[in-house]
Amino acid sequence: MPPTYYNELLSTTFRKAQDLTRTRKKKIDLRRLSTEQILPTARNLDRMSSLEIVRLINREDATVAGAVRRALPQIARAIDVVAGALRHGGSLIYVGAGTSGRIGALDASEIPPTFNTDPHTVQFVMAGGPKALAASTEASEDDPAPAVAEMKKRKPGRHDVVLGIASSGRTPFTIAAIEYARCRGARTIALTCNRNSPLERAAGFAIVTDVGPEVLAGSSRLKAGTAHKMVLNMISTGAMCRLGYVYGNLMVNVWTKNEKLTERAIRILEQATGAGHDAARRTLKASGNRTPVAVVMLAAGVTRAKAAAALKKSKGHVRHAIALAES
């Protein structure tokens, strides 16, 4: 498509985000948001003993798994979309502000050491930039311009997935990023705690974890944050499983950058292949300290070169690589 088409779409996206920001500043009826309502059992929170407070929070936390369970079909759909994108060399990009942005950043930062992926594979965009990970920059969530600028840097396309996280579903920064990504052909997903939100309407589809009112009214770092951490755990782990970066339930792509991780890799080789400790250690060394290569070498009884070739042909899918190497 010609550049003028994208420029028109970008201009429309930016105007819509600005209109949303102006509307939000004029009037926000928080009573309509389930996450902003008052939890009746917490009305006397400031009068409770420490034990009463933790019992109440624990009781409410126990409801989060149910809210996530009701969204499992949409979460499974997200896993398939993300796995398909990554299989074609695309990226998963989390976008959020405040607690939502920090949860996305946490999941993105944990993927490379767990699955030995390129940092480009799972990224995050945070309202206020990296400094907002440790400092409060709430005003930045109302500005759509930085969101569009950050997304332009990442050039999302048809092989990418952009997942916008906002408990309220009304954050202009996140909506602008989703709308820009969608107009560039990327797959888009909304993760919210409120149904029929502007973010849900902006995205291709939504995952809604309706956790209800918070113990501390409006504090989305509580149940809402817990629910969204659980969902991102499922999406990223599930996608990596579908890509074959897991063998059984073992982290066969784990980094070996220190002694602890090297010992973990050796244990993984023992568990995955039944090899003895010494054989696992020797094979890991022979593989160039690449755990998936060592797994294929031991499981298929092949050389390092053949194991590496099989992994390349299977695009890193360890189980498929073992079958290729054996044949």
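Residues numbered from 1 in each chain as written. Predicted model: local features only at pLDDT ≥ 70, side-chain atom pairs only at ≥ 80, totals over all residues. Heavy atoms only, no water.

Engineer: Account for the nonpolar core, naming residues and giving values.
Structural biologist: One finds Y94, L163, I207, I235 and M240 to be the most contacted residues of the largest nonpolar core, which totals 37 residues. Breaking this core down by element, the ones donating at least two residues are helix 3 (64-69), helix 4 (72-87), strand 1 (92-96), helix 5 (98-115), strand 3 (161-165), strand 4 (187-192), strand 5 (205-208) and helix 9 (223-242). Leaving out residues up to four positions away in the same chain, I207 has contacts with A71, Q74, I75, A78, I189, A190, L191, T192, V231 and I235. Grouped together as the second largest cluster of nonpolar side chains are 26 residues, Y247, V254, V293 and L311 included. (Core = buried A, V, L, I, M, F, W, Y, C linked by side-chain atoms within 4.5 Å. Buried < 20%, exposed > 50% of the residue type's maximum accessible area, 1.4 Å probe, protein only. Helix = DSSP H or I, 4+ residues; strand = E, 2+ residues; numbered from the N terminus. Contact = heavy atoms within 4.5 Å.)

Engineer: Quick one: what's the story with the packing of aromatic side chains, residue by residue and with numbers?
Structural biologist: What the rule picks out here adds up to zero aromatic pairs. Geometry around W255 places K257 over its ring, the cationic atom sitting 4.2 Å from the centre. (Phe/Tyr/Trp six-rings, centres within 6.5 Å; stacked < 30°, edge-to-face > 60°. Lys NZ or Arg CZ within 6 Å of the ring centre and 35° of its normal.)

Engineer: Any chance you could break down the packing of helix 11 (residues 277-286) against helix 12 (residues 291-300) for me, citing the residues and the numbers?
Structural biologist: Closest axis-to-axis distance for the helix 11/helix 12 pair is 8 Å, and the angle between their directions is 120°. Comparing the axis directions of helix 11 and helix 12 gives the class oblique. The handedness of the crossing between helix 11 and helix 12 is right-handed. On the side of helix 11, the interface is formed by A280, T283, L284 and A286, while helix 12 contributes T291, A294, M297 and L298. Tallied by class, residues from the contact of helix 11 with helix 12 come to six nonpolar, two polar and no charged. (Axes fitted to C-alpha atoms, helices over the stretch in contact; angles between N-to-C directions. Parallel < 35°, antiparallel > 145°, perpendicular 65-115°, else oblique. Left-handed = near helix turned anticlockwise from the far one by under 90°. Nonpolar A, V, L, I, M, F, W, Y, C, P; charged D, E, K, R; others polar.)

Engineer: Give a detailed account of the pairing of strand 5, specifying residues and quantitative values.
Structural biologist: Burial along strand 5 is two-sided: F205 and I207 and A206 and V208, pointing in opposite directions, are all buried. When strand 4 meets strand 5, the two strands line up parallel, connected through four bridges. Among the inter-strand pairings, A190 is bridged to a residue of strand 5, identified as A206. (Pairing = 2+ DSSP bridges.)

Engineer: Residue-level account of the UniProt feature "active site" (unreviewed entry) in the chain, with values.
Structural biologist: Using the residue numbers shown here, the UniProt feature "active site" (unreviewed entry) corresponds to E110 and E141. Inspection of the secondary structure puts E141 in the loop between strand 2 (122-126) and helix 6 (144-154). (UniProt positions renumbered as here; feature names shortened; annotations may be inferred.)

Engineer: I'd love a proper account of the pairing of strand 4, names of residues and values included.
Structural biologist: Two faces make up the sheet, and in a regular strand the side chains alternate between them. Taking burial as the measure, the six residues of strand 4 include five buried ones, the bulk of the element. In terms of strand pairing, strand 3 meets strand 4 through five bridges, oriented parallel. From the neighbouring strand, L163 faces strand 4, where its bridge partner is I189. Each parallel crossover has a hand, and for strand 3 linked through helix 7 (residues 172-183) to strand 4 it is right-handed. (Right-handed = clockwise from strand over helix to strand, strands pointing away.)

Engineer: Could you give me a rundown of the environment of I266, with the residues and numbers involved?
Structural biologist: Relative to the helices and strands, I266 is located in helix 10 (residues 259-273). Taking the C-alpha atoms as reference points, I266 and A279, separated by 13 residues in sequence, lie 9.2 Å from one another. Other than its neighbours up to four places away in sequence, I266 contacts H277, A280, R281 and L284.

Engineer: If you had to explain the layout of surface pockets to someone new, which residues and values would you point to?
Structural biologist: Computed from the structure, the second largest pocket encloses a volume of approximately 330 Å³. Only helix 12 and helix 13 (304-313) provide two or more residues apiece to the lining of the second largest pocket. The class makeup of the residues in the lining of the second largest pocket is eight nonpolar, seven polar and two charged. (1 Å grid on protein atoms, 1.4 Å probe; cavity = no way out; pocket = protein on both sides within 12 Å on 5 of 7 lines; lining within 4 Å. Points joined across faces, edges and corners; volume = space filled by probe spheres on them.)

Engineer: Tell me what's going on with the sheet that holds strand 5, and back it up with residues and numbers.
Structural biologist: The five strands are arranged 2-1-3-4-5 in an open sheet whose pairing can be described as parallel. Edge positions in the open sheet fall to strand 2 and strand 5, since each of these has one partner strand only. Between one strand and the next, the sheet's axes are offset by a mean angle of 20°, whatever the strand orientation. Across five bridges, the pairing between strand 1 and strand 3 is parallel. Note on strand 3: the bridge partner recorded for V95 is G164.

Engineer: Requested: an account of the pattern of salt bridges, with residues and values cited.
Structural biologist: For the structure on display, the rule yields five salt bridges. With a shortest N-O distance of 3.3 Å, E150 and K153 are connected by a salt bridge. Here K153 and E150 lie together in helix 6, a separation of three residues that amounts to about one turn. For E150, a relative accessible area of 23% gives the class partly exposed. For E150, the salt bridge identified is with R154, shortest N-O distance 2.8 Å. Within this pair, E150 and its partner R154 are both found in helix 6, separated by four residues, close to a single helical turn. (Salt bridge = Lys/Arg side-chain N within 4 Å of Asp/Glu carboxyl O.)

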